[in-house]
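Chain residues, written in single-letter form:
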Amino acid sequence: MARSAASSRGILLSVAYDGRPFAGFARQRDQRTVSGELLGALRAIDPAIREIRGASRTDAGVHARDQRVAFDTAAPLPPRGWVLATARHLPDEIVIRRAAVVRVGYSPRFESLRKRYRYLVLRDLVRDPFLIRRAWRVEGLTDDAIERARAETPAAKGTHDFAAFRTSADERTSTVRTLYGLELSLDPADPRLVRIDVEGNAFLHNMVRILVGTLMDVARGYLAPGAIARALASLDRRDAGITAPPDGLYLEHIHLRDNGQDPWPTGPSGGSSEGDAAPEDTPPTGDAAPAEPGAETDAGGEASARPGADAGDEASVRPGAGAPLLPDR
């Protein structure tokens, strides 16, 4: 007997993944992707599931601790069942950390109020095998260099036109975004790791990676202090820094307008729902993603370019800078 459409409901997931083996989140023909693996696991439970709707289409190599994904189903499975039943069908690099009930047709992309990313930079003279493709190794980051980078951050906070901080592939007409935070700190457990935390209402394609690249270029003396302010004023991609590699980028949390009902698990092991109310005077936003390949951390994963190559983000080395500081592979 066919299940009635009236019995359908939406399920909202919090998904964590190691992005290293995948060609990004969004499904691509002949490529291994996070959404492809996830959809296959869900269809093993309910073959009638037609699609999944993600909140952010992360690039190849980008990681997530709290990606949000929704789908519709008529299967009479509680949130706990979705977390546990799909585990056996997912690769080790992907885990569903939380499930909750939402309305049919719920799309986390259009429920998103804020997104928070963290970028990890490793300041070490030698490679760390436990951090390869999990952090960008950059030499020469003294305490003074980090302070030079930190001095750049106030200019980026607030509402600005971030046209200089997007790739040439991003064709969205509106490039105004609001950053609520851009902070640099040392990991208290490992002072070799520089944490760059970025929170905003929405992001352009590779906006976080270009902000990070600009901070690192100022830190290393490749760009003069005030680079972020100059790029915001000129709207010229060439005034910003390189595009940092995807390796160190983590989608930390997406604050949603509706975080779902009857979640499981509800304790510390579940996907974080803390702070999911919008800050005051935060307008609701749904960051409209461009056609494939996608939006902010979303898509391309191109190698970092230096101003003076193309105005975009293709591979190059800064003239006169000596050996390039490449990500560990």
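Preceding block: the structure.
Read on for a plain summary of the structure. (Residues numbered from 1 in each chain as written. Predicted model: local features only at pLDDT ≥ 70, side-chain atom pairs only at ≥ 80, totals over all residues. Heavy atoms only, no water.)

Looking now at the pairing of strand β3 (residues 63–73). Counted residue by residue, β3 has nine buried out of 11 residues, so it is predominantly covered. The pairing of strand β2 (residues 53–54) with β3 spans two bridges and is antiparallel. Counterpart to R53 in the pairing with β3 is A70. As paired elements, β3 and strand β10 (residues 249–256) share two bridges and run parallel to each other. Across the sheet, residue H63 finds its bridge partner in β10, namely Y250. (Buried < 20%, exposed > 50% of the residue type's maximum accessible area, 1.4 Å probe, protein only. Helix = DSSP H or I, 4+ residues; strand = E, 2+ residues; numbered from the N terminus. Pairing = 2+ DSSP bridges.)

Its location among the elements puts S174 in the loop between β7 (158–161) and β8 (176–187). Sequence-wise, S174 and F162 are 12 residues apart; in three dimensions their C-alpha atoms are separated by 9.4 Å.

Right, let's talk about the nonpolar core for a bit. Buried together is how nonpolar side chains tend to be arranged in soluble globular proteins. By size, the foremost hydrophobic cluster in this structure holds 69 residues, and its most contacted members are V121, W136, F165, I196 and M216. Of the residues forming this core, the biggest block, eight residues, is contributed by helix α6 (residues 207–219). Counting six residues, the second-largest nonpolar core is a separate cluster that includes L122, L131, A135 and Y250. (Core = buried A, V, L, I, M, F, W, Y, C linked by side-chain atoms within 4.5 Å.)

The next point concerns the packing of aromatic side chains. One pass over the full model with this rule turns up five aromatic pairs. Between Y17 and F25, the ring centres sit 6.4 Å apart and the planes meet at 25°, which makes this aromatic pair stacked. The two residues Y17 and F25 agree in class, both being buried. Here the aromatic rings of Y119 and W136 are separated by 6.3 Å at their centres, their planes lie at 85°, and the arrangement is edge-to-face. Of the two residues, Y119 is situated in strand β5 (residues 112–122) and W136 in strand β6 (residues 136–137); the sequence distance between them amounts to 17 residues. In this structure W136 comes out as buried when scored by relative accessible area, which is 1%. (Phe/Tyr/Trp six-rings, centres within 6.5 Å; stacked < 30°, edge-to-face > 60°.)

In terms of burial, strand β9 (residues 190–200) is a largely internal element, nine of the 11 residues being buried. Across eight bridges, the pairing between β5 and β9 is antiparallel. Paired with L122 across the two strands is L193, which belongs to β9. By the bridge criterion, eight bridges tie β8 to β9 in an arrangement that is antiparallel. By the bridge assignment, L182 is partnered in β9 with V198. Counted along the chain from β8 to the antiparallel partner β9, the turn is two residues long.

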